[in-house]
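Below, each chain spelled out in residue letters.
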Amino acid sequence: MYQITECENTKAYLAIEGLENQLLQELPSEKEIFGRLIWVKEELKNPVFWFANQWQENYQIEFDSISDCAKALSSIQKNWWPYFSAHARRGTLIQDALPYISPKPLVFPGSMQTTYPPLGSWTLLGPNTALASPVCSSPRPHGEWNFVEDRVGPPSRAYLKLWEVFSMLQMCPKPKEKCLDLGASPGGWTWVLTQLGARVVAIDRSPLREDLMTSPLVQFQNGNAFSVNLEDYPDTSWLFCDVICYPEKLYEFFMQKVLPSSIQNAVCTLKFQGSEHYPVIQKFAAIPGGSLIHLTHNKHELTFVFRRTV
Ligand SMILES: C[S@@+](CC[C@H](N)C(=O)[O-])C[C@H]1O[C@@H](n2cnc3c(N)ncnc32)[C@H](O)[C@@H]1O
């Protein structure tokens, strides 16, 4: 026997490991905490960004047996991924009775063409009570985009951020398309872009790895990324910025130079040291066509993704 009750207007957030406090600060004081999972039962005033996965449509399931819980979950949808802060042994038996989900890492660039079927998330609140959301913000287990890594080609691990963004967007620069890569050294992002066949103007105060400096697809410019005059780069459709700077500086640059330009797409990293720069997050979030995500491969960072709408 089981009983499913819809928990209307509630959301649960899976915190990012190591950044749990950032999420707790964004959420109201009334919340239920189950390890990394935080369940909020009221409408939020401001958008929330420091999470790995958002559980968007929640159901509480009361059940008698392991097979009853598995049946209840299957009656809601096919594919599920569990998160356990308690009752893990019992939860594992329930998960074993559900269709198998492979946690295999993704292979780029195939990950951009993959169809990700809806993946629900569930947890045990007690031995006979589950919380389940068939609709989540991410189609990946726990919101994690893990890849089969390339340990030879790229000059830095930053390439994983672009693999993740492009896989999520299911789009990337096309061969010969023009890109600007600001704060490009040692060249992880430039490497990704050249692998895709794009042409890159890379700006930094330090050089790229030697093979990228001599690549026919790369034009390197030594200098201050924020002094760039975007009119000098007509037909550039993508702008990338991974410069280490205060996020306010990046905001000013974006509003003054990128937004009024003809750049169609942008991917920029907002890098934080303490929490004093958090107010600018809401300003980025208000930019039309923009969204802010914490990528699996971000540290104390958020990634601003811009796609021009008009
Ligand atoms: C995190 S690293 C970039 C990593 C790069 N995206 C990659 O994939 O390898 C940040 C870079 O920003 C550069 N940088 C910092 N301030 C800059 C500025 N005002 N103009 C140009 N480059 C800057 C640094 O020299 C450094 O190479």
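Residues numbered from 1 in each chain as written. Predicted model: local features only at pLDDT ≥ 70, side-chain atom pairs only at ≥ 80, totals over all residues. Heavy atoms only, no water.

## Remarks on the sheet that holds strand E8 (residues 120-126)
Sheet strands pair via backbone hydrogen bonds, and the direction of the pair is either parallel or antiparallel.
Here is step 1 of the chain: Taken in spatial order, the five strands make up an open sheet running E1-E6-E9-E8-E7, and their pairing is mixed. The outermost strands of the open sheet, each flanked by one partner alone, are strand E1 (2-7) and strand E7 (80-82). Averaged over all adjacent pairs, the angle separating strand axes in this sheet is 30°, with direction ignored.
Here is step 2 of the chain: Relative to strand E6 (residues 58-63), E1 is paired through six bridges, and the arrangement is antiparallel. The residue of E6 that forms the bridge with Cys7 is Asn58.
Here is step 3 of the chain: With respect to the sheet, helix H2 (residues 66-76) is in contact with E1, E6, E7, E8 and strand E9 (129-133), its orientation differing from that of E1 by roughly 45°.
Here is step 4 of the chain: This element, helix H3 (residues 88-96), spans E6, E7 and E8 of the sheet and lies at about 145° to E8. (Pairing = 2+ DSSP bridges. Helix = DSSP H or I, 4+ residues; strand = E, 2+ residues; numbered from the N terminus. Axes fitted to C-alpha atoms, helices over the stretch in contact; angles between N-to-C directions. Contact = heavy atoms within 4.5 Å.)

## Remarks on the sheet that holds strand E4 (residues 37-40)
Here is step 1 of the chain: Strand order in the open sheet formed by four strands is E3-E4-E2-E5, with antiparallel pairing between adjacent strands. Only two strands of the sheet have a single neighbouring strand rather than two, namely strand E3 (32-34) and strand E5 (53-55). The mean angle between the axes of side-by-side strands here comes to 20°, regardless of whether they run parallel or antiparallel.
Here is step 2 of the chain: Sheet topology note: the strand E2 (residues 11-14)/E4 ladder contains four bridges and is antiparallel. The residue bridging Ala12 from the neighbouring strand is Trp39, located in E4.

## Observations concerning the nonpolar core
Side chains that are nonpolar tend, in soluble globular proteins, to be buried together.
Here is step 1 of the chain: Counting residues in each nonpolar core, the largest one holds 45 residues, and the members touching the most others are Leu23, Trp50, Leu182, Leu239, Phe284 and Phe304.
Here is step 2 of the chain: Here this core takes five residues from helix H7 (residues 247-258), the largest share from any one element.
Here is step 3 of the chain: A domain-level breakdown of this core finds at least three residues from each of domain 1 (2-143) and domain 2 (159-307).
Here is step 4 of the chain: Ignoring sequence-local partners within four residues, the contact set of Leu182 consists of Ile203, Ala225, Leu239, Phe240, Cys241, Asp242, Val243 and Phe253.
Here is step 5 of the chain: If you look at the next biggest cluster of nonpolar residues, it comprises 32 residues, including Cys172, Leu196, Val218 and Leu295. (Core = buried A, V, L, I, M, F, W, Y, C linked by side-chain atoms within 4.5 Å. Buried < 20%, exposed > 50% of the residue type's maximum accessible area, 1.4 Å probe, protein only. Domains from an automatic or database assignment.)

## Quick word on the site of the ligand
Here is step 1 of the chain: In the vicinity of the ligand lie 19 residues, with Ser156, Gly188, Asp204, Ala225 and Asp242 positioned nearest.
Here is step 2 of the chain: The separation between an oxygen atom of the ligand and a polar side-chain atom of Ser156 is 2.8 Å.
Here is step 3 of the chain: Bound to the protein, the ligand loses 84% of the 600 Å² it would expose on its own.
Here is step 4 of the chain: A per-class count over the shell around the ligand returns seven nonpolar, eight polar and four charged. (Near = heavy atom within 4 Å. Polar contact = N/O pair within 3.5 Å; in protein donor to acceptor, adjacent residues only side chain to side chain. Areas by Shrake-Rupley, 256 points an atom, 1.4 Å probe, with all protein chains shown as cover. Nonpolar A, V, L, I, M, F, W, Y, C, P; charged D, E, K, R; others polar.)

## Side note on the packing of H2 against H3
Here is step 1 of the chain: Taken N-terminus to C-terminus, the directions of H2 and H3 make an angle of 55°; their axes are 8 Å apart at the nearest point. In terms of orientation, H2 lies oblique with respect to H3. Considering the relative orientation of H2 and H3, their crossing is right-handed. Judged by residue contacts, Ile66, Cys69, Ala70 and Leu73 of H2 engage Arg90, Leu93 and Ile94 from H3. (Parallel < 35°, antiparallel > 145°, perpendicular 65-115°, else oblique. Left-handed = near helix turned anticlockwise from the far one by under 90°.)

## Comments concerning unusual backbone geometry
Here is step 1 of the chain: Look at the link from Phe108 to Pro109: it is a cis peptide, with omega at 10°.
Here is step 2 of the chain: Structurally, the position occupied by Pro109 is in the loop between H3 and E8.
Here is step 3 of the chain: In this structure, Pro186 follows Ser185 across a cis peptide bond, with omega equal to 5°.
Here is step 4 of the chain: You can see Pro186 is positioned in the loop between strand E10 (178-182) and helix H5 (188-195).
Here is step 5 of the chain: Of note in this structure, Asn9 is not a glycine but carries a positive phi near 55°.
Here is step 6 of the chain: Relative to the elements of secondary structure, Asn9 occurs in the loop between E1 and E2.
Here is step 7 of the chain: For Asn9, a relative accessible area of 54% gives the class exposed.
Here is step 8 of the chain: The backbone phi angle of Asp235 is positive, close to 65°, even though this residue is not glycine.
Here is step 9 of the chain: Checked against the element boundaries, Asp235 lands in the loop between strand E12 (218-222) and strand E13 (236-241).

## Examining the domain arrangement of the protein
Here is step 1 of the chain: Examined at the domain level, the protein breaks down into domain 1 (2-143) and domain 2 (159-307).
Here is step 2 of the chain: Just the C-alpha atoms count here: the centres of domain 1 and domain 2 sit 32 Å apart.
Here is step 3 of the chain: Regarding the contact of domain 1 and domain 2, the summed buried area is about 1,400 Å², with carbon and sulfur atoms giving 66% of it.
Here is step 4 of the chain: When residues of domain 1 are sorted by the area they lose upon contact with domain 2, Phe49, Trp50 and Phe108 head the list and together hold 48% of the total.
Here is step 5 of the chain: Taken together, the connections running from domain 1 to domain 2 amount to zero salt bridges.
Here is step 6 of the chain: Put simply, domain 1 and domain 2 have five residue pairs in polar contact (both at pLDDT 80 or more) between them. (Buried area = accessible area lost by both parts, 1.4 Å probe. Salt bridge = Lys/Arg side-chain N within 4 Å of Asp/Glu carboxyl O.)

## Let's talk about the side chain of Thr303
Here is step 1 of the chain: Here Thr303 lies in strand E16 (residues 301-307).
Here is step 2 of the chain: Judged by relative accessible area, Thr303 falls into the buried class, the value being 1%.
Here is step 3 of the chain: Polar side-chain contacts of Thr303 include one of 2.9 Å to the side chain of Asn298.
Here is step 4 of the chain: With sequence-adjacent residues up to four places away left out, Thr303 is seen in contact with Val165, Val267, Cys268, Ser291, Leu292, Ile293, Leu295 and Asn298.

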